[in-house]
Amino acid sequence: YLNYIRSASVLEGGFTATLSSWAIPDPSRPGLYIFNTECDRTLTCPPATKAAVLLAAAQNAALEETFGKDNYEKVPVQNAVRRVVVTSAGVLENAGAGNLVVNFIALMPGSYVLNVTYFGHPIAKVSGDPCTTKCTNAACTACPTVAPAPAPRVVNAVFENNGGQLAVNFLTDSDRADQRGLFDCNLLLTSDSISKLAGTGRSPQCTFGNPRSFVVHLAWGASLKVNQEISFSAPTTSSVEHDLTIGAGGLRGKIYCESPYSVEFVNLTAMPRLCYQVSKSVMGQVRVLRPANPVKPTAILKGPSLLSSCDKLTLDASSSYGSGGRQLTFELGLSPSSADDSLLRAFISTASHPPYTQKSWTFDSRLLLLGVPATFVVRAVNFLDESSLSELTVMKHDVTAPIIMIEGAHSRDVFSTLITRLRGDVVLSSCASEADKSVDFEWKLTKIAPDDLTMAVELDTVTRYTRSLYIAPGQLVAGHKYTFQLSGTMKTNTSNMGTEQVEINCQYAPLVAKLKGSDRAVNWGHMLTLDSSASLDLDGTPPPGAPVWSIDYRWKCFTVTGDPCLGPENPALLVNEPVVQLDTQVLSPGTYTFEVTLLKEPGPRTASAMVKIWITPNIAPQVAIQPVSVRKVNPGTRVLLQGEVTAAFEAHLMTEEELLATTTMDSPTAVITWTQVAGEHIMEYPAMLSIPPRFSSLAIRQGVLQCGQDYSFRLTVSDSRYPSLQGMSEIHFRVNTPPSSGQCMVSPLSGGYSNTIFSMLCKDWVDEVDDLPLNYEFRYMLPASVDP
């Protein structure tokens, strides 16, 4: 059986060798030759790699423990040998007689000498010196040099819609830079790129949601814009003994680990499993693209609508929002008018100037014409080049009434399911003659459109006569516009009164589509229940007089290739109902995705939910995992995953074996197994679980889950008497990430405890759209305290 290796050629991450060797004909398939017994391919004389160094060190440590220090001959690095066992899975079945092709994935780049043995006896070897380290011998017929695999290729880099994050996507899996959770982006990106992602003294944070994508959380002061580039940093290297080069930092391809069942070690009975970085590092630049639906700013121009001749006019746009975590820019203008307002226009033309960050403007009232309205317009622009306008009409008159203002836009959108707060303020005219400057406030509802509601809106009795009005959830009806008026009356002169109005547009809330049950396996031939009855219209039941709309349901089914799994001739899913019963016999065993789409007028509003179903040919327990109660899981919370067996089998249609397989979670023969499908591995560490994975529920301790990670867990249930009959279900969820891009400031930084007013300001914080609005909480801590 001693034959030579004909040739060897390099593959990505390994090599293939064609052996002039020994193949066995397969009698069941004439003309095909297979290699159906295990074959040891001994890789000798590798370069001084991490594998060789660690192996020699382990061998020497074992010998030292046995014979004592300096009482043994040390194993040189260059003689370290690793034997890789290859079965028929690594052999190409199209090899003809006299030829055998085997493939090998090299765990480390370098030059290898290939020998093949069969049960310890050599059956193929190289022609030449088998201990030639660099394989320069001309007689060597097979010495493949394995180059590092290519680095993961960057697909794109795109701003998230909120502008505060940046997603970088790859075509293949990466090693996540060996990081978990949030980490400093300077491990991946150059200092020049970091300077674009954060202001001076601040550092952007990165996190891997999955091996093919990481997210950059921009810090305050970021300056990166669309079509600019970010650059990946080169890994740092350092040399150690045996000419071993260690790389630090950088992003490489997926790590390959040895299987403990496929590697043997010469002259060593025990050796830890080694993992290798086999690819080059990601290098170069990537251009940052514009998001698909960028955040749009909302311009808000505040100021008095009436002005006395004694006062100055101050216009304020600082309440504008939608900046994407950066400073908005503003342009102030004046709407066309038939009046001679040339002086006012000339002043406005010089009021705004580069870099256009000015947020407020003050005018002398003499620039306005008495009794002639002037409409001011401000344009707010964010760094994604999205903009909006806001107008304010101001008129100067001789009355010295209190100047009433309502915070926010003059017209705003709200939802009936949320609390609405209206806040007012008052500025007294410089011309006011009253000695007592006290003002009484009152809110009124002056108009509802359309006027079709039979129930009156009762204003909150506690806040109605204050400058801030509280409107409880459910008081407003979706699809209606409400006009509220705030009046301020001088306490000592009730005839001296100022008013301001605000229009509240109560929007229809979005639908929430839900499908009962998680991704799961269903037995072929049984009924599949698809239940979306738990879907929600957050507006709830409309009040008397309001229009009533029903929800329509549209059901679809797709194969793994995205094709419809039912033809137009099959009406099984053409049902406008929240619950569908589908006989799985209309489908072949396989993997399918079912989708329900909800539609409801006006709009129509839509929402969708999907579930993956594995239709299996064998009878097995039908398993489900209860959905996580929250849309996103916070990293500091404890997560409880609860499984259940949901099948109700028809006993008269089943054999005894099938009946035995319909186990329950409490059955003594039940075999319950939880495994992790995606996300940073936590199942390998029992300390991270408060309920071990052999029970129907799996509990993950608080603080274990990593920010921004996508996690998937699978529950498998079988009966120990029939272990091949397994039911399974999967659940997927994402871990939330904190807001980013903003800053918090306190002014002044020091002062007296009784005579200094401290101002605290948090601004420019952004988060994912579905996490808005943000809530702010201010705290203080005494010097002797530990916690705020």
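Residues numbered from 1 in each chain as written. Predicted model: local features only at pLDDT ≥ 70, side-chain atom pairs only at ≥ 80, totals over all residues. Heavy atoms only, no water.

Chemist: Can you help me understand the overall build of the protein chain in this one?
Modeler: Summing up its helical and strand segments, the protein chain has four helices and 53 strands in all. Of all 788 residues assigned to the protein chain, the portion counted as buried reaches 43%. Put simply, 67% of the contacts in the protein chain that link residues at least 6 apart link residues at least 24 apart. Just so you have it, the protein chain exposes about 40,800 Å², and 53% of that area is on carbon and sulfur atoms. (Helix = DSSP H or I, 4+ residues; strand = E, 2+ residues; numbered from the N terminus. Buried < 20%, exposed > 50% of the residue type's maximum accessible area, 1.4 Å probe, protein only. Contact = heavy atoms within 4.5 Å. Areas by Shrake-Rupley, 256 points an atom, 1.4 Å probe, with all protein chains shown as cover.)

Chemist: Would you explain the environment of P297 in this entry?
Modeler: Examined against the element boundaries, P297 turns out to sit in the loop between β23 (284–289) and β24 (306–308). Linking P297 and S320, residues 23 residues apart in sequence, is a C-alpha distance of 7.2 Å. Beyond its immediate chain neighbours, meaning those up to four positions away, P297 contacts Y321, G322, L328, A380, N382, E386, S387 and S388.

Chemist: Would you take a moment to explain the nonpolar core for this structure?
Modeler: A general trend in soluble globular proteins is that nonpolar side chains are found buried together. L166 and F214 are the most contacted members of the largest nonpolar core, which has 27 residues in total. Taken together, the elements giving at least two residues each to this core come down to β12 (154–159), β13 (165–170), α2 (191–197), β15 (205–210), β16 (213–217), β17 (229–232) and β23. Apart from residues lying up to four places away in sequence, F214 is in contact with L166, A167, V168, F170, L188, C206, T207, F208, F232 and L251. (Core = buried A, V, L, I, M, F, W, Y, C linked by side-chain atoms within 4.5 Å.)

Chemist: Honestly, the pairing of β16 in this entry has me stumped. Any pointers?
Modeler: Consecutive residues of a regular strand have side chains that alternate between opposite faces of the sheet. Most of β16 is tucked away, with five of its five residues classed as buried. Note that β15 and β16 share five bridges and pair antiparallel. Within β16, the position partnered with N210 by the bridge is S213. Counted between consecutive antiparallel strands, the loop separating β15 from β16 contains two residues. (Pairing = 2+ DSSP bridges.)

Chemist: I keep staring at the sheet that holds strand β45 (residues 623–625) and nothing clicks. Help me out?
Modeler: Sheets are built from strands that pair by backbone hydrogen bonding, the pairs being arranged parallel or antiparallel. On the basis of which strands lie adjacent, the open sheet formed by four strands has the order β45-β46-β49-β48 and antiparallel pairing. Sheet topology places β45 and β48 (689–691) at the edges, where each strand pairs with a single neighbour. Direction aside, the axes of adjacent strands within the sheet are offset by 20 degrees on average. (Axes fitted to C-alpha atoms, helices over the stretch in contact; angles between N-to-C directions.)

Chemist: What's the story with the side chain of S174 in this structure? I'm lost.
Modeler: Secondary-structure assignment places S174 in the loop between β13 and β14 (183–184). Residue classification places S174 among the buried residues on the basis of a relative accessible area of 4%. Polar side-chain contacts of S174 include one of 3.2 Å to the backbone nitrogen of R176. (Polar contact = N/O pair within 3.5 Å; in protein donor to acceptor, adjacent residues only side chain to side chain.)

Chemist: For this particular structure, what's the right way to read the sheet that holds strand β32 (residues 420–427)?
Modeler: Ordered in space as β30-β32-β34, the three strands form an open sheet in which the pairing is antiparallel. At either end of the open sheet lies a strand with only one pairing partner, and these are β30 (403–406) and β34 (468–471). Taking each pair of neighbouring strands and ignoring which way they run, the sheet shows an average axis angle of 20 degrees. Relative to β34, β32 is paired through four bridges, and the arrangement is antiparallel. When the sheet's bridge partners are listed, L422 is paired in β34 with L469.

Chemist: Which parts of the structure should I look at to understand the state of the cysteines?
Modeler: One way to say it: the disulfide is the covalent bond shared by the sulfur atoms of two cysteines. Considering all chains together, one arrives at three disulfides under this definition. With its sulfur 2.0 Å from that of its partner, C185 forms a disulfide with C206. Across the S-S bond linking C185 and C206, the dihedral sits near 115 degrees, which makes this disulfide right-handed. Taken together, the residues C185 in the loop between β14 and α2 and C206 in strand β15 connect sequence positions 21 residues apart. Residue C185 is classed as buried on the basis of its relative accessible area of 0%. C206 gets classed as buried once you look at its relative accessible area, which sits at 0%. Here C744 engages in a disulfide with C762; their sulfurs sit 2.1 Å apart. Residues C744 and C762 are joined by a disulfide whose S-S torsion is about 110 degrees; by sign, that bridge is right-handed. Highlighted residues: C744 in strand β52 (residues 743–747) and C762 in strand β53 (residues 759–763), separated in sequence by 18 residues. (Disulfide = S-S within 2.5 Å.)

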